[in-house]
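A closer look at the structure
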Amino acid sequence: MRWLVTGAGGMLGTDVVSLLTAAGEEVVPHTRQQLDITTPAVVESAIDDVDVVINCAAWTAVDDAETHESEAFRINAVGPQLLARAAKRVGARMVQISTDYVFDGHASTPYGEGAAMAPASAYGRTKAAGEWAVRAETDDFLILRTAWLYGAHGGCFPKTMARLAAERPELQVVGDQVGQPTWTADVADLLRRLVDAGAPSGVYHATATGYVSWHGFTKEIVSSIGRSPEMVKETTSEAFVRPAPRPAFSVLGHDALERAGVAPIGDWAERWHAAAPDVVGLA
Ligand SMILES: NC(=O)c1ccc[n+]([C@@H]2O[C@H](COP(=O)([O-])OP(=O)(O)OC[C@H]3O[C@@H](n4cnc5c(N)ncnc54)[C@H](OP(=O)(O)O)[C@@H]3O)[C@@H](O)[C@H]2O)c1
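Residues numbered from 1 in each chain as written. Predicted model: local features only at pLDDT ≥ 70, side-chain atom pairs only at ≥ 80, totals over all residues. Heavy atoms only, no water.

1. Observations regarding the packing of helix α1 (residues 11-22) against helix α7 (residues 184-196)
Packing of α1 against α7 brings their axes to within 8 Å, and their N-to-C directions diverge by 55°. Taken together, the axes of α1 and α7 are oblique relative to one another. The hand of the α1/α7 crossing is right-handed. Taken together, the residues of α7 that come into contact with α1 (itself represented by M11, L12, D15, V16, L19 and L20) are T184, A185, V187, A188, D189, L191 and R192. Residues belonging to the contact of α1 with α7 are distributed by class as follows: nine nonpolar, one polar and three charged. (Axes fitted to C-alpha atoms, helices over the stretch in contact; angles between N-to-C directions. Helix = DSSP H or I, 4+ residues; strand = E, 2+ residues; numbered from the N terminus. Parallel < 35°, antiparallel > 145°, perpendicular 65-115°, else oblique. Left-handed = near helix turned anticlockwise from the far one by under 90°. Contact = heavy atoms within 4.5 Å. Nonpolar A, V, L, I, M, F, W, Y, C, P; charged D, E, K, R; others polar.)

What follows is the structure in structure tokens.
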């Protein structure tokens, strides 16, 4: 099978390309410089003779999207639309990466794949639009919603916390937002398993199972680098206001994976311990 990967220089894109290459697949990786997904002629000429198009390209600066929504929309909605249209033209399957931010986070039980989207931020609105755009262009698609991503390539929450823990005597981290920390290598693996299984077109939740607060996750991160988790103090979202609202309850269910006979990613804590040497190194 021939896989085309956009955003191949990003945190997830790098791991997707590595995993597929290591598995002996034929991969056509495109960084932003090689394929700008918002330029129709570039997309049209790049997508030819491939079986799967994986879109890892995105505007991911959540706070900046509040003041640059139209630029974010071009990348997160128009880009996926152009890719899905081109994928359909060549008979390829379209894989779009989406996010927990399509939900407002006001729920108290895990969001199902079919729950109504209700984004509370500009970034979430543009990603929700990307999902609709893909659905509008092709009926051969997988939408993988992931969340709280970390990985070895690029900046991420665990790397920031590990650095701060080495510099400061104490860290203040919010305890009133919960979610599912998820390793990019696990998303790459799940993505490949879904395609290999010929999973039906639809939305799948590509997050680890279980959930934890940012405060609880930071305690694990700090332990992984040999520091005392006692240095991590709990604060609230109210005391730590950001330009874009964050969902308080970002917990996604995995029923669609079970229906497709594809195992979900494992428990977030177990996966963090597997990932930590790659992401932050071990003390
Ligand atoms: N990070 C998270 O916590 C998280 C959570 C949930 C969902 N997601 C989703 O997961 C996916 C991967 O995210 P990530 O964390 O790997 O993001 P990332 O590291 O920021 O990678 C995104 C890549 O897209 C590229 N890009 C931006 N605009 C482009 C364009 N017009 N054409 C082609 N490429 C373009 C970027 O290139 P430049 O760097 O050169 O701009 C970058 O290499 C995204 O769909 C994101 O929305 C991420």
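2. What to know about the site of the ligand
Near the ligand there are 23 residues, and of these L12, R32, T60, Y123 and K127 occur at the shortest range. Between the ligand and the protein, one listed contact pairs an oxygen atom with a side-chain N or O atom of K127 at 2.7 Å. Considering the ligand on its own, with 910 Å² of exposed area, one finds that the protein chains cover 80% of that surface. At the level of secondary structure, the elements contributing two or more residues to the shell around the ligand comprise α1, β4 (93-99) and α5 (122-137). Of the residues in the shell around the ligand, the class split is 13 nonpolar, seven polar and three charged. (Near = heavy atom within 4 Å. Polar contact = N/O pair within 3.5 Å; in protein donor to acceptor, adjacent residues only side chain to side chain. Areas by Shrake-Rupley, 256 points an atom, 1.4 Å probe, with all protein chains shown as cover.)

3. Quick word on the packing of helix α6 (residues 157-167) against helix α8 (residues 214-224)
Where α6 meets α8, the axes come as close as 10 Å, and the angle between the chain directions of the two elements is 65°. Two packed elements cross with a definite hand, and for α6 against α8 that hand is right-handed. Residues F157, P158, M161, A162 and A165 of α6 pack against W214, F217, T218, I221 and V222 of α8. Taken together, the residues of the contact of α6 with α8 sort by class into nine nonpolar, one polar and no charged.

4. Topic: the pairing of strand β2 (residues 26-30)
Bridge count for strand β1 (residues 2-6) against β2 is five bridges, and the pairing is parallel. Residue pairing for β2: R2 is matched across the bridge by E26. Tracing the backbone out of β1, into α1 and back to the parallel element β2 gives a crossover that is right-handed. (Pairing = 2+ DSSP bridges. Right-handed = clockwise from strand over helix to strand, strands pointing away.)

5. Quick look at the pattern of salt bridges
According to the stated counting rule, one finds 15 salt bridges in the structure shown. Among the salt bridges present, the one from R93 reaches D140, with a minimum N-O distance of 2.6 Å. A residue pair is termed long-range when its members are at least 10 positions apart, and R93 in strand β4 and D140 in the loop between α5 and β5 (141-146) qualify at 47 residues. By relative accessible area, which is 11% here, R93 ends up buried. A salt bridge links R271 to E270; its shortest N-O distance comes to 3.1 Å. Using a relative accessible area of 18% as the deciding quantity, one classes R271 as buried. Each of R2, E26 and D49 takes part in one network of salt bridges that share partners. (Salt bridge = Lys/Arg side-chain N within 4 Å of Asp/Glu carboxyl O. Buried < 20%, exposed > 50% of the residue type's maximum accessible area, 1.4 Å probe, protein only.)

6. Focus: the side chain of D63
As for its position among the elements, D63 is in helix α3 (residues 62-65). A distance of 3.0 Å separates the side chain of D63 from the backbone nitrogen of A244, its partner in a polar contact. The contact partners of D63, leaving out residues within four places of it in the chain, are R242, P243, A244 and R246.

7. A word on helix α4 (residues 69-90)
Look at α4: 31 Å from first C-alpha to last across 22 residues, which is about the 32 Å you get at 1.5 Å a residue. Of all the bends in α4, the greatest, near 30°, is centred on V78, and the proline P80 appears no more than four residues after it. Within α4, the full set of buried residues consists of A72, I75, N76, A77, V78, G79, P80, L82, L83, A84, A86 and A87. The inward-facing, buried residues of α4 abut β1, α2 (40-46), β3 (52-55), α3, β4 and α5. Remark: G91 follows α4 within two positions and exhibits a positive phi of approximately 75°. (Expected span 1.5 Å × (residues − 1). Bend = angle between axes of the 7 residues up to and from the residue.)

8. Some points on the sheet that holds β4
Spatial strand order, β2-β1-β3-β4-β5-β10: six strands in an open sheet with parallel pairing. Strands at the two margins of the open sheet, each flanked by one partner only, are β2 and β10 (202-205). Put simply, the sheet's adjacent strands are angled 20° from each other on average, direction ignored. Of the strand pairs in this sheet, β5 and β10 are connected by four bridges, and their pairing is parallel. Bridging across to β10, L142 finds its partner in G202.

9. Overview of the state of the cysteines
Evaluated as defined, the whole model comprises zero disulfides. Cysteine C56 is unpaired, with the sulfur of C156 as its nearest cysteine sulfur at 16 Å. Relative accessible area serves as the criterion here: at 8%, C156 is assigned to the buried category. (Disulfide = S-S within 2.5 Å.)

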